[in-house]
Amino acid sequence: MLILGIESSCDETGIALYDDQYDQLTQTIYTQALLHANYGGVVPEIASRDHIRHIIPLLQSCLYKANKTIDVIDIIAYTAGPGLSGALLVSAGFAEALAMVLKIPLIPINHLEAHLLSALHVIPKPTFPLIALLVSGGHTQFFKVEDIGCYQLIGETLDDAAGEAFDKVAKLLDLPYPGGAKLSELAKLGNPNRFLLPRPLYQSKQLMMSFAGLKTAAANLIRTLAPLDETTCHDICCAFQQAVVDVLVQKAKQALEKYQITQLIVAGGVCLNYALRDALSHLASKENWQIYYPPIDLCSDNGGMVALAGAINQKNLKQAGSFAVYPRWRLGEPIPLTHSIT
Ligand code: KG4
Ligand code: ZN
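Residues numbered from 1 in each chain as written. Chains lettered and ligands numbered in written order. Predicted model: local features only at pLDDT ≥ 70, side-chain atom pairs only at ≥ 80, totals over all residues. Heavy atoms only, no water.

Caption draft 1: Expanded view of the coordination of the zinc ion (ligand 2). At the metal site, the zinc ion (ligand 2) is ligated by His111 (NE2), His115 (NE2) and Asp301 (OD), and these contacts range over 2.0 to 2.1 Å. With four donor atoms in place around the zinc ion (ligand 2) and angles of 94 to 143 degrees between them, the coordination shape is irregular. One chain supplies every donor for the zinc ion (ligand 2), spaced along it as H-x3-H-x185-D. In this pair, His111 and His115 both sit in helix 4 (residues 111-118), four residues apart, roughly one turn of the helix. (Donors = N, O, S within 2.8 Å, 3.2 Å for Na, K, Ca; no water. Tetrahedral: all angles 85-135°; square planar, octahedral: opposite > 155°, others 65-115°. Helix = DSSP H or I, 4+ residues; strand = E, 2+ residues; numbered from the N terminus.)

Below, the structure written as structure tokens:
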């Protein structure tokens, strides 16, 4: 079966072809980061228009790379939510039109499920039950996963997502957008003992998290010390990153202990963070837990994870013609028809 995956929920346009018979994944991706850099964040209207510009050339180059022709695609999987509605509509519209022309079925994919399932595309594979930490620009959530499709939300941030907090603090430090990865790079140069920032809800027994107060504490520190010299900037990056990592690791530990599960998968853009990986590895070897991450090219938003999710979710096939996206589709809940745009 050849599955086309299409992703355009935020500021990456991703196309992939997955041949499930040979486990062969080919992808092309375009990031709009430079386009939004002037604004310091994603501008939804610009994002939608740019997805439209890139989606067809990306499909063409993906077909070329995979040495396939369009007529051999069997199924189209596309991100139907959550995400920016205009951006989602590009994938959905493109997928519907293509499915109609090629006379093939579609699968609407939840973006968060695609992140989560991408962590199963590793050897050895994690087994169920497991705990999943989804940590991205828009979400920071823990799920208890009994099986594919059985996702129980057990904890989440009450305000900002971890990636969002990284990006906002990076912006306050005048780092180029998107700042999360850059902040993390500069943190390597910082002194971990100079500043101590708060770890919100660290002591709480609940699996809820909060990053807005930490972000405000970082903002106050930056304001108090302005203008910042380079060393101070690095030290703040280090203190901020350490606070986020400490909270995520503590909540992961609580989640695994509470549900007596020994396997954790971590997915979403922030799973690229080296400090988070180091701290989780340390914990895992101490407790004899296993931690799994998606392959590096499936960590940030991409079409590959959508194609893989399509291969796994073939029971959800639908015919073209019921064009809809779900900007607030929560993983673990049914498709929220009340929020659909049809
Ligand atoms: O999953 P993703 O690509 O998109 C969303 O679904 O949101 O995640 C993007 C987020 C951004 O906030 C970005 O700054 C953050 O992941 N990110 C990082 C790192 N690489 C990407 N945050 C911390 N450290 C990193 N190395
Ligand atoms: Zn994402």
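Caption draft 2: Fine view of the sheet that holds strand 5 (residues 106-110). Taken together, the five strands give an open sheet; going across it, the order is 3-2-1-4-5, and neighbouring strands pair in mixed fashion. Every other strand in the sheet has two partners, leaving strand 3 (24-31) and strand 5 as the edge strands with one partner each. Taken over all neighbouring pairs, the strand axes of this sheet differ in orientation by 20 degrees on average, direction set aside. Contacts from helix 3 (residues 85-102) reach strand 1 (2-7), strand 4 (75-81) and strand 5 within the one sheet, and its direction differs from that of strand 4 by about 155 degrees. (Pairing = 2+ DSSP bridges. Axes fitted to C-alpha atoms, helices over the stretch in contact; angles between N-to-C directions. Contact = heavy atoms within 4.5 Å.)

Caption draft 3: Expanded view of the pattern of salt bridges. Scanning the model with the defined rule gives 14 salt bridges in all. Residues Asp160 and Lys215 are paired through a salt bridge, measuring 2.9 Å at the closest nitrogen-oxygen approach. One end of the pair, Asp160, is in the loop between strand 8 (150-156) and helix 5 (162-172); the other, Lys215, is in helix 7 (residues 212-225), and 55 residues separate them in sequence. On the accessibility criterion, Lys215 (17% relative accessible area) is buried. Salt-bridge contacts for Glu164 lead to Lys168; the nearest nitrogen and oxygen are separated by 3.0 Å. (Salt bridge = Lys/Arg side-chain N within 4 Å of Asp/Glu carboxyl O. Buried < 20%, exposed > 50% of the residue type's maximum accessible area, 1.4 Å probe, protein only.)

Caption draft 4: Seen up close, empty space enclosed by the protein. Under the defined criterion, the tally for this structure stands at one cavity of 30 Å³ or more. Counted as a void, the largest cavity has a volume near 40 Å³. Taken together, Leu2, Leu17, Asp19, Gln24, Thr26, Ala66 and Lys68 make up the full set of residues lining the largest cavity. Residue assignment for the lining of the largest cavity shows that the elements contributing at least two residues are strand 2 (12-19) and strand 3. For the lining of the largest cavity, the class distribution of residues is three nonpolar, two polar and two charged. (1 Å grid on protein atoms, 1.4 Å probe; cavity = no way out; pocket = protein on both sides within 12 Å on 5 of 7 lines; lining within 4 Å. Points joined across faces, edges and corners; volume = space filled by probe spheres on them. Nonpolar A, V, L, I, M, F, W, Y, C, P; charged D, E, K, R; others polar.)

Caption draft 5: Expanded view of the site of ligand 1. If you check the shell around ligand 1, you find 18 residues, and the closest are Gly137, Asp167, Gly269, Asn273 and Asp301. In the environment of ligand 1, an oxygen atom lies 2.8 Å from a nitrogen or oxygen atom belonging to the backbone of Gly137. Within the backbone of Asp301, a nitrogen or oxygen atom sits 3.0 Å from an oxygen atom of ligand 1. When ligand 1 sits alone it has 550 Å² of accessible area, and the protein chains cover 86% of it. Taken together, the elements giving at least two residues each to the shell around ligand 1 come down to helix 4, helix 5 and helix 6 (179-187). Residues that form the shell around ligand 1 fall into these classes: four nonpolar, twelve polar and two charged. (Near = heavy atom within 4 Å. Polar contact = N/O pair within 3.5 Å; in protein donor to acceptor, adjacent residues only side chain to side chain. Areas by Shrake-Rupley, 256 points an atom, 1.4 Å probe, with all protein chains shown as cover.)

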